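Descriptive analysis of the structure
Each chain, written out:
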Amino acid sequence: MRLWRLSIEILRKEIEAGEAEAIVLAKELNADLIILDEKIPRIIAKSLGLKVAGSLALLFIAKKKGIINEDLEVILGELRAKGVRFSDKVVEELKRMYNAQ
């Protein structure tokens, strides 16, 4: 447990506490995937050998699998209206990857 706390303290110097805890826990659990949206935590997680996806990718996957039925453009518009920032380039890449309209 002490190593876990030390790992979090080291990571907290670079990123938020919750992100640091998520990365350490994902590594400890040998997780298949970790959900992170911020650039630096994503880089750290990938450097530790973790597979990373962002919230937007989850939306596109859920749409493709029929878990959500709402138009993705509507959802993305609502997220932007609430202050969530993401680039059009990322959205276009996700559309290409998941054949979403």
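This text goes with the structure placed above it.
All values reported here derive from a predicted model rather than from experimental measurement. Per chain, residues are indexed from 1 in the order of the written sequence. Only residues with pLDDT of at least 70 are given local features in this predicted model, and only at 80 or more are side-chain atom pairs given and counted; all residues enter the totals for whole chains, interfaces and linings. Computation of side-chain values: all heavy atoms of the structure, hydrogens and water removed.

**Considerations on a nonpolar patch on the surface**
Spelled out, the test is: Patches here: salt-bridge-free residues with over 30% relative accessible area, like charges joined within 9 Å, nonpolar side chains (Val, Leu, Ile, Met, Phe, Trp, Tyr) joined within 5 Å. Note on areas: Shrake-Rupley with a 1.4 Å probe; residue coverage comes only from the protein chains shown. Note on definitions: salt bridges are taken to be side-chain nitrogens of Lys or Arg within 4 Å of carboxyl oxygens of Asp or Glu. Secondary structure elements follow DSSP: runs of H or I no shorter than four residues count as helices, runs of E no shorter than two count as strands, and numbering proceeds from the N terminus.
There is a patch of nonpolar side chains on the surface, built from L33, I35 and L58 and spanning about 220 Å² of accessible area. In this fold, I35 is placed in strand β1 (residues 34–35).

**Some details on the pattern of salt bridges**
What counts here: For the exposure calls, accessible area comes from a 1.4 Å probe over protein chains only, and a residue counts as buried if that area is under 20% of its type's maximum, exposed if over 50%, partly exposed in between.
Scanning all chains against the criterion turns up 4 salt bridges. Between K95 and E73 there is a salt bridge whose closest N-O contact spans 2.5 Å. Separated by 22 residues along the polypeptide, K95 in helix α6 (residues 88–98) and E73 in helix α5 (residues 72–81) bring together distant segments of the chain. Across the salt bridge formed by K95 and E92, the nearest N and O atoms sit 3.6 Å from each other. Of this pair, K95 and E92 both sit in helix α6, 3 residues apart, which is roughly one turn of that helix. E92 sits in the partly exposed class, given a relative accessible area of 47%. Through salt bridges with shared partners, a single network forms among E73, E92 and K95.

**Side note on the layout of surface pockets**
Once rolled over the atoms, a probe with the size of a water molecule shows which space is left empty. Counted only if it meets this: Cavity and pocket criteria rest on a 1 Å grid covering protein atoms alone: a 1.4 Å probe that fits but cannot get out defines a cavity, protein on both sides within 12 Å along at least 5 of 7 lines defines an open pocket, and an atom within 4 Å of a point defines a lining residue. Grid points are joined across faces, edges and corners, and a volume is the space filled by probe spheres set on the points. The residue classification treats Ala, Val, Leu, Ile, Met, Phe, Trp, Tyr, Cys and Pro as nonpolar and Asp, Glu, Lys and Arg as charged. All others, Gly included, are polar.
Taken as a whole, the largest pocket encloses approximately 680 Å³ of empty space. For the largest pocket, the lining is made up of 28 residues, of which D37, R42, G54, L56 and V90 are closest to its centre. Residue contributions to the lining of the largest pocket peak at 6 residues, all from α6. In the lining of the largest pocket, the residues fall into 15 nonpolar, 4 polar and 9 charged.

**Focus: the packing of helix α4 (residues 55–64) against α5**
Rules: Simply put, an axis is a line fit to the C-alpha atoms, just over the touching stretch for a helix, and the angle between two N-to-C directions goes from 0 to 180 degrees. An angle below 35 degrees is treated as roughly parallel, one above 145 as roughly antiparallel, one from 65 to 115 as roughly perpendicular, and anything else as oblique. Crossings are classed by handedness, with left-handed meaning an anticlockwise turn of the near helix from the far one by less than a right angle and right-handed meaning a clockwise turn. The contact criterion used is simple: two residues touch if any of their non-hydrogen atoms lie within 4.5 Å.
As a packed pair, α4 and α5 sit with axes 11 Å apart at the nearest point and diverge in direction by 155 degrees. The pairing of α4 with α5 is recorded here as roughly antiparallel in orientation. As for the relative orientation of α4 and α5, their crossing is right-handed in sense. Contacts between α4 and α5 involve L56, L59, F60 and K63 on the former and, on the latter, L72, I75, L76 and L79. Considered class by class, the residues forming the contact of α4 with α5 number 7 nonpolar, no polar and 1 charged.

**Points about α5**
The test is simple: Picture the helix axis, draw a direction to every C-beta atom, and the arc is the one those directions span. Pairs of N or O atoms are called polar contacts if they sit within 3.5 Å, as long as, within protein, a hydrogen donor faces a hydrogen acceptor (for residues adjacent in sequence, only side-chain-to-side-chain pairs).
The complete set of buried residues in α5 reads L72, I75 and L76. End-on, the buried residues of α5 take up no more than an arc of 95 degrees, which puts them together on one face. Next to the buried residues of α5 lie α4 and α6. Of the residues that open α5, the one with a side-chain oxygen 2.6 Å from the backbone nitrogen of E73 is D71. Just past α5, the residue G83 takes up positive phi, approximately 95 degrees.

In short, geometric facts, not functional conclusions.
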